[in-house]
2 protein chains.
Amino acid sequence: MSTLELRAEPLTRQAFAPFGDVIEVAEDNQVIPINYGSTERHHDLAALDVEDGGGRAIVSIFRTRPVSLPFRVKVMERHPLGSQAFIMTTGNPYLVVVAPPGEFEPAALRAFQAAPGQGVNYHKGVWHHYCLGLYAVNDFLVIDRAGAGDNCEEIAIPGKLQIYIVR
Amino acid sequence: MSTLELRAEPLTRQAFAPFGDVIEVAEDNQVIPINYGSTERHHDLAALDVEDGGGRAIVSIFRTRPVSLPFRVKVMERHPLGSQAFIMTTGNPYLVVVAPPGEFEPAALRAFQAAPGQGVNYHKGVWHHYCLGLYAVNDFLVIDRAGAGDNCEEIAIPGKLQIYIVR
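Residues numbered from 1 in each chain as written. Chains lettered and ligands numbered in written order. Predicted model: local features only at pLDDT ≥ 70, side-chain atom pairs only at ≥ 80, totals over all residues. Heavy atoms only, no water.

Turning our attention to the pairing of strand β5 (residues 39-42) of chain B. With 4 bridges joining them, strand β6 (residues 56-64) of chain A and β5 of chain B adopt antiparallel strand pairing. Paired with Ile61 of chain A across the bridge in β5 of chain B is His42 of chain B. Relative to β5 of chain B, strand β4 (residues 31-34) of chain B runs antiparallel, the two being bridged by 4 bridges. For Ile32 of chain B, the partnering residue across the bridge sits in β5 of chain B and is Arg41 of chain B. Hairpin connection between β4 of chain B and β5 of chain B: a loop of 4 residues separates the two successive antiparallel strands, and Asn35 of chain B in this loop has a positive phi of roughly 55°. (Pairing = 2+ DSSP bridges. Helix = DSSP H or I, 4+ residues; strand = E, 2+ residues; numbered from the N terminus.)

Written out as structure tokens, the structure reads:
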């Protein structure tokens, strides 16, 4: 039996770059003033990648029950055919747990705490945990792929390995 | 000089159907239980339509200054090459003003008040006002089209016509 503690780091673009995009208002975005000066357009913040095998982008809402810390990670998933973006719409922080694409390596897991104004776009094939909202039932706006083909793989963490996300 | 008062109606799918999609949690959605029962996936809620002229879907954030009522409508816009979806992420209600596609008719204008948990997807060519957030600086997650071609037309309301959105 072995135990791995993952401390949730602040979510930053630099830290998250190996896994995907952080969708947020930031100074280094391409910012375009529009609507007679009343709006800043922070332009094109996520690399949507959904067209493999004739796929298309769709918009859904994920209504999710919250988790609390310490949280035990028992399963991870990846989407070999497309990216998947999550944007919090109910104003709570949330957790993000990822591992690099390729063969799943528990030692390579990373945990992040996202602020309410941050979204994430997992790149194709990146291992990630399903929605980990905090404090309340939360809604995420999700942009992912619809189309033919098996686009979800899951991997169970062996019972002898206990992985916990901690503060 | 003539004056037109538009009363903001509650945003419902039925009332909004001529203009686009309402992106919301609702009983009549296709709802798929996922993530070991912790999540309801409200599936495929908006008809994204962005591929004309080689277009692709992009994700942006619009940070917008609020308006207050009565609000005077001076200009409307439409996107002849693609749909445009707006999802409120900062928890405030907002206003939506639309008119049917085709020749712009001031008498056909409709105003809606959207709840914080509702998004809208304007169908291609539907006349709409730019972002009308309320109460605070608000962020909208926007899914629209990038690609070649002139995808924004604006029309100014003649000065002799005063159009006000009212409660």
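Take the relation of the copies chain A and chain B next. For the pair chain A and chain B, the best superposition has an RMSD of 0.0 Å and corresponds to a rotation of 180° with a translation of 0.0 Å parallel to the axis. Such values leave the two copies arranged in the relation of a two-fold axis. Minimal C-alpha distance to the rotation axis in chain A is attained by Thr89 of chain A, lying at 2.3 Å. Both copies present the same face, since 100% of the interface residues in chain A are matched by interface residues at the equivalent positions in chain B. (Least-squares fit on C-alpha atoms with pLDDT ≥ 70 in both. Contact = heavy atoms within 4.5 Å.)

Across the boundary between the two partners, chain A contributes 40 residues, which contact 40 residues of chain B. For the pair chain A and chain B, the summed buried area comes to about 3,500 Å², and 57% of that belongs to carbon and sulfur atoms. Counting every contact that joins chain A to chain B gives 4 salt bridges. Among the ionic pairs, Arg41 of chain B bridges to Asp144 of chain A, the shortest N-O distance being 2.8 Å. For the pair chain A and chain B, the number of links is 22 residue pairs in polar contact (both at pLDDT 80 or more). Counting residues per element, the ones that place at least two in the side of chain A that touches chain B are β5 (39-42), β6, β8 (75-78), β9 (84-88) and β15 (138-146) of chain A. For the side of chain A that touches chain B, the element with the highest residue contribution is β6 of chain A, accounting for 9 residues. (Buried area = accessible area lost by both parts, 1.4 Å probe. Salt bridge = Lys/Arg side-chain N within 4 Å of Asp/Glu carboxyl O. Polar contact = N/O pair within 3.5 Å; in protein donor to acceptor, adjacent residues only side chain to side chain.)

Attention now moves to the layout of surface pockets. By volume, the largest pocket amounts to about 420 Å³. Lining the largest pocket are 24 residues, with His79, Gln84, Asp144 and Cys152 of chain A together with Arg41 of chain B positioned closest to its centre. Those elements that place two or more of their residues in the lining of the largest pocket are β6, β9 and β15 of chain A together with β4 of chain B. Element by element, the count of residues in the lining of the largest pocket is highest for β15 of chain A, at 3 residues. Its residues assigned to classes, the lining of the largest pocket shows 10 nonpolar, 9 polar and 5 charged. Volume-wise, the second largest pocket comes out at about 350 Å³. In this structure, the second largest pocket is lined by 21 residues; those nearest its centre are Arg41 of chain A together with His79, Gln84, Asp144 and Cys152 of chain B. (1 Å grid on protein atoms, 1.4 Å probe; cavity = no way out; pocket = protein on both sides within 12 Å on 5 of 7 lines; lining within 4 Å. Points joined across faces, edges and corners; volume = space filled by probe spheres on them. Nonpolar A, V, L, I, M, F, W, Y, C, P; charged D, E, K, R; others polar.)

Don't take any of this as a statement about function, it's just geometry.
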